[in-house]
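Topology and contacts: notes
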Amino acid sequence: MARCEVCFRHCEIAEGAKGFCGVRGCRNGSIIPLNYGRITSMALDPIEKKPLRRFHPGSRILSIGSYGCNLRCPFCQNDEISWSERAYEFETEAEVCTPEEIASTAAYYKREGNVGVAFTYNEPLIGYEFVRDTAKLVSERGMLSVLVSNGTAELRVLEEIAPYIDAMNIDLKGFTKSFYRDVLGGSLDMVKAFIERAVQVCHVELTTLIIPGENDSEEEIRAISSYIASLKNAEGEVIGAEIPLHISRFFPTFHMTDRAATDVKLIYRLADVAREKLRYVYEGNV
């Protein structure tokens, strides 16, 4: 039995078993990432698709994903690799790529406008060791590393990867503890702590998916934008008004097909509400 220290769950994992995320496993008395180098998805994407709008706009980035997640969002768009039953099969089925191979592939695609590697599609932080090792090699090649994450990790995990990560898009999925706990199976406090440190170490943009009947009120968006506006850099200066926020439209999917897509007019209205506090607000999926 060993204890995983990656996120708030602190899973106690028996020898030969896996934690909640399906990725952290106990082997020979130690916790290891069973998805190390297991790649399920790879694409050369526009960087705006991450989404990042104020970080090397117009460029492309080699985007890679593994499997597993430490949340249980019922509206997940990548459920097959993130938290469906099939995700647990990838431990043996997914192709293995070394950090060196990923860094070399990123360098090869410079000729097509690639600026680096984005760790995305599933939750990268549950396999942070691969992120750290790969991003270090990408950095040594003079390229960039991007993390697309739910921000559900202890700060020591962030400190492990921070020297090699140039930008992050972090989901701030709502702003009530009950929504995080009851709908997502997560921790709002952990995500806030992660964001507050992340903005001190690299470029950060945030994304909120607007789900009808859950987090779609003007009051909640005002709370979110006010929180973002209060964020400080490492020197203690308030910089939050300059942090981009992406307000994204929900479409029925996976286990949340009981409601219609978010009304486009609502997305634009909530974006205007966020602009009361923030300089850069972008409407997504409209």
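Described below are features of the structure shown in this document. (Residues numbered from 1 in each chain as written. Predicted model: local features only at pLDDT ≥ 70, side-chain atom pairs only at ≥ 80, totals over all residues. Heavy atoms only, no water.)

Some words on the overall build of the protein chain
A tally of regular secondary structure across the protein chain gives nine helices and 14 strands. For the protein chain, whose C-alpha radius of gyration is 18 Å, the value lies close to the compact-globule estimate of 19 Å for 286 residues. Across its three principal directions, the C-alpha atoms of the protein chain cover 50 × 40 × 35 Å. Residues classed as buried in the protein chain amount to 55% of the 286 residues present. For the protein chain, long-range pairs separated by at least 24 residues make up 67% of all intrachain contacts whose partners lie at least 6 apart in sequence. If you sum the accessible surface of the protein chain, you get close to 12,000 Å²; carbon and sulfur atoms cover 48% of it. (Helix = DSSP H or I, 4+ residues; strand = E, 2+ residues; numbered from the N terminus. Rg over C-alpha atoms; globule rule 2.2 N^0.38 Å. Buried < 20%, exposed > 50% of the residue type's maximum accessible area, 1.4 Å probe, protein only. Contact = heavy atoms within 4.5 Å. Areas by Shrake-Rupley, 256 points an atom, 1.4 Å probe, with all protein chains shown as cover.)

Regarding the nonpolar core
Membership of the largest hydrophobic core comes to 75 residues, with the highest contact counts inside it found for Met168, Leu172, Ile195, Ile228 and Ile247. By size, the runner-up hydrophobic cluster in this structure holds 10 residues, among which are Ile61, Val115, Ala118 and Ala167. (Core = buried A, V, L, I, M, F, W, Y, C linked by side-chain atoms within 4.5 Å.)

Comments concerning the layout of surface pockets
Space inside the largest pocket adds up to approximately 960 Å³. Counting only elements with at least two residues in the lining of the largest pocket, the list comes to strand 10 (144–149), strand 11 (167–171), strand 12 (203–210), strand 13 (245–249) and strand 14 (281–284). By residue class, the composition of the lining of the largest pocket is 13 nonpolar, 14 polar and nine charged. (1 Å grid on protein atoms, 1.4 Å probe; cavity = no way out; pocket = protein on both sides within 12 Å on 5 of 7 lines; lining within 4 Å. Points joined across faces, edges and corners; volume = space filled by probe spheres on them. Nonpolar A, V, L, I, M, F, W, Y, C, P; charged D, E, K, R; others polar.)

Quick word on the packing of helix 3 (residues 99–108) against helix 4 (residues 128–140)
Relative to each other, helix 3 and helix 4 sit at 40 degrees, their axes nearing to 9 Å. Considered as vectors, helix 3 and helix 4 are oriented oblique to each other. Relative to helix 4, helix 3 is oriented so that their crossing is right-handed. Only Phe130, Asp133, Thr134, Leu137 and Val138 of helix 4 make contact with helix 3, whose side of the interface consists of Pro99, Glu100, Ile102 and Ala103. Here the residues of the contact of helix 3 with helix 4 sort into six nonpolar, one polar and two charged. (Axes fitted to C-alpha atoms, helices over the stretch in contact; angles between N-to-C directions. Parallel < 35°, antiparallel > 145°, perpendicular 65-115°, else oblique. Left-handed = near helix turned anticlockwise from the far one by under 90°.)

Digging into the environment of Arg141
Along the polypeptide, Arg141 turns up in the loop between helix 4 and strand 10. Separated by 25 residues in sequence, Arg141 and Gly116 place their C-alpha atoms 9.2 Å apart.

Considering the sheet that holds strand 7 (residues 60–65)
Spatially, eight strands are ordered 6-7-9-10-11-12-13-14 in an open sheet, and the strand pairing comes out mixed. The open sheet is flanked by strand 6 (41–46) and strand 14, the only strands paired with a single partner. When strand polarity is set aside, the average angle formed by the axes of neighbouring strands in this sheet is 20 degrees. Strand direction decides the pairing type here: strand 13 and strand 14, joined by four bridges, are parallel. Along strand 14, the bridge assignment pairs His246 with Tyr282. (Pairing = 2+ DSSP bridges.)

Describing the pattern of salt bridges
Between side chains of opposite charge, a pair can form as their charged atoms come close. Throughout the structure, instances matching the rule amount to 22 salt bridges. With a shortest N-O distance of 2.9 Å, Asp45 and Lys50 are connected by a salt bridge. In this pair, the class of Asp45 matches that of Lys50, namely buried. Arg275 is the partner of Glu283 in a salt bridge, and the nearest nitrogen-oxygen pair spans 2.9 Å. Judged by relative accessible area, Glu283 falls into the partly exposed class, the value being 24%. The exposure class of Arg275 is partly exposed, given its relative accessible area of 33%. (Salt bridge = Lys/Arg side-chain N within 4 Å of Asp/Glu carboxyl O.)

Points about empty space enclosed by the protein
Enumeration over the complete set of coordinates arrives at two cavities of 30 Å³ or more. What the largest cavity holds in volume is close to 120 Å³. In this structure, the largest cavity is lined by 13 residues; those nearest its centre are Ser66, Asn122, Pro124, Phe130 and Val131. Of all the elements in the fold, those that place two or more residues in the lining of the largest cavity are strand 7 and helix 4. A breakdown of the residues in the lining of the largest cavity according to their chemical character gives six nonpolar, six polar and one charged. Estimated volume of the second largest cavity: approximately 70 Å³. For the second largest cavity, the full set of lining residues is Cys4, Val6, Cys7, Arg9, Cys11, Ile13, Gly19, Phe20, Cys21, Arg24, Asn70 and Ile126. In terms of residue class, the lining of the second largest cavity is made up of eight nonpolar, two polar and two charged.

Examining the side chain of Ser145
As for its position among the elements, Ser145 is in strand 10. The contacts of Ser145, once residues within four sequence positions are left out, are Val117, Phe119, Ala135, Val138, Tyr164, Ile165, Asp166 and Ala167.

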